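Analysis of the macromolecular model
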Amino acid sequence: MAKTNRELADFLRRARSQGDPSRAGLPPDGRVRRVPGLRREEVALLAGVSTDYYARLEQGRPIVPSPAVVEALGRALGLDSAGRAHLQDLIGVTAAPARRRPPSVQRVRPGLYQLLDALDGEPALVLGRRTDVLAANRMAKALFTDFEQLPPRQRNYARWMFLDDDARSLFVDWADQARAAVESLRFEVGRDPDDQATIALVDDLRARSPEFDQWWEQHRVHQRTHGSKRLRHPLVGELTVEYETLSPPGDPDTTLYVYTAEAGSPSKRALDLLASWSLTGPRPGPDRPRPKPS
């Protein structure tokens, strides 16, 4: 069985196990549920397909459902927009033409570097495939870490999140942020499950991080478009930043992340202090004194 079909089979089984029969509108049938979630025949009923047809999908058989059936399966399983897009990727049913395999090395356009410089007062990162960190402005380096100082193989957001002790202590809500990183990577794997660099990254993280391995096994997906992060920065203390993401037209494999804080808030004052420090202060280190918040 091809890898893509194994991914599909695993995703369907886990999505079905997380389904809620009462929310799906299924009437009680008096049978004792030995396992949580929906039964195969219930998913088939809700999707309008035969139980045998759905069972073959869940077994990873080489079947390509129509877009209408894929949409019905998404509704039956209660998938959100990211889950439905992931399902479409795994099955191979999309409205767009098939994507050509991208080049192995990603490059940042000069205009994006100029944009990062223009956003000098706000932390901004450019992430590529598999959450590789392609570029960062000075504020992002001061807020998170200077990825450019890391060996090229380690310039990856998910790798840093799970394998760097500083990342674990930086995020107040580390578990939530780390889980989101796993689910975002899962989402990307569905778009190109045969990418060898992504496979190597996932295998390495699964071997080195029990948390990553546990959350990867759950096969949940998430598409990061906006959100917030709570940080405990070693220089400016606790702050909360909101982020928005932008994908440049014609370059869907590149995403710009911009982090901001509400005007007049303690978090904004902390960012301003960090900006001032990053312009005039020494590089961070364990023996550097912490500037006092104003």
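Residues numbered from 1 in each chain as written. Predicted model: local features only at pLDDT ≥ 70, side-chain atom pairs only at ≥ 80, totals over all residues. Heavy atoms only, no water.

Things to note about the overall build of the protein
Each helix and strand in the protein was counted, giving 13 helices and five strands. Scored against the burial criterion, the 294 residues of the protein give a buried share of 47%. Sequence separation of at least 24 residues holds for 57% of the intrachain contacts in the protein that already meet a minimum separation of 6. Of the roughly 15600 Å² that the protein leaves accessible, carbon and sulfur atoms contribute 51%. (Helix = DSSP H or I, 4+ residues; strand = E, 2+ residues; numbered from the N terminus. Buried < 20%, exposed > 50% of the residue type's maximum accessible area, 1.4 Å probe, protein only. Contact = heavy atoms within 4.5 Å. Areas by Shrake-Rupley, 256 points an atom, 1.4 Å probe, with all protein chains shown as cover.)

Quick word on the packing of helix α4 (residues 67–76) against helix α5 (residues 81–91)
At a closest axis distance of 10 Å, the pairing of α4 and α5 adopts a crossing angle of 140°. Put simply, α4 runs oblique to α5. For α4 against α5, the interelement crossing comes out right-handed. Here α4 contributes Val70, Glu71, Leu73, Gly74 and Arg75 to the contact with α5, which in turn contributes Arg84, Leu87, Gln88 and Ile91. (Axes fitted to C-alpha atoms, helices over the stretch in contact; angles between N-to-C directions. Parallel < 35°, antiparallel > 145°, perpendicular 65-115°, else oblique. Left-handed = near helix turned anticlockwise from the far one by under 90°.)

Brief notes about the side chain of Lys229
Locating Lys229 in the fold gives a position in strand β3 (residues 226–233). It is Asp173 that comes nearest to the buried, bridge-free Lys229 among opposite-charge side chains, at 7.4 Å. Polar contacts involving the side chain of Lys229 include one to the side chain of Tyr157, which spans 3.1 Å. Residues in contact with Lys229, not counting those within four places in the same chain, are Phe144, Tyr157, Phe171, Gln177, Leu239, Thr240, Val241, Tyr243 and Tyr259. (Lys, Arg positive; Asp, Glu negative; His and termini not counted. Salt bridge = Lys/Arg side-chain N within 4 Å of Asp/Glu carboxyl O. Polar contact = N/O pair within 3.5 Å; in protein donor to acceptor, adjacent residues only side chain to side chain.)

Comments concerning unusual backbone geometry
Phi at Arg130 is positive, roughly 50°, even though this residue is not glycine. One can find Arg130 in the loop between β1 (124–127) and β2 (133–136). A residue is classified by how much of its surface remains accessible, and Arg130, at 7% relative accessible area, is buried. Despite not being glycine, His219 has its phi angle at roughly 50°, a positive value. With respect to the secondary-structure elements, His219 resides in the loop between α12 (210–217) and β3. Judged by relative accessible area, His219 falls into the buried class, the value being 2%.

As for the pairing of strand β4 (residues 237–246)
Note: β3 against β4, eight bridges, orientation antiparallel. Residue pairing for β4: Arg232 is matched across the bridge by Glu238. Hairpin connection from β3 to β4: three residues lie between these consecutive antiparallel strands. Two elements, β4 and strand β5 (residues 255–260), share five bridges in a ladder whose sense is antiparallel. Residue pairing across strands places Tyr243 opposite Tyr259, the latter belonging to β5. (Pairing = 2+ DSSP bridges.)

Quick look at the environment of Ala261
When you line up the elements, Ala261 lands in the loop between β5 and α13 (266–280). Separated by 22 residues in sequence, Ala261 and Leu239 have C-alpha atoms that sit 8.5 Å apart. With sequence-adjacent residues up to four places away left out, Ala261 is seen in contact with Thr240, Ser267, Lys268 and Leu271.

Digging into the nonpolar core
Core analysis: the biggest nonpolar cluster contains 45 residues, and Leu125, Phe144, Phe162 and Phe171 have the highest contact counts within it. In terms of nonpolar packing, the next biggest core, distinct from the first, is built from 26 residues, Phe11, Ala76, Leu77 and Ala82 among them. (Core = buried A, V, L, I, M, F, W, Y, C linked by side-chain atoms within 4.5 Å.)

Considerations on the side chain of Glu188
Tracing the chain through its elements places Glu188 in helix α10 (residues 174–191). Despite its burial, Glu188 remains without a salt bridge, the nearest opposite charge being carried by Arg130 at 5.4 Å.

Details of the sheet that holds β4
Ordered by their spatial adjacency, five strands build an open sheet running β2-β1-β5-β4-β3, and the pairing between neighbours is antiparallel. At either margin of the open sheet sits one strand with a lone partner, and together these are β2 and β3. Along the sheet, successive strands turn relative to each other by an average axial angle of 25°, direction set aside.

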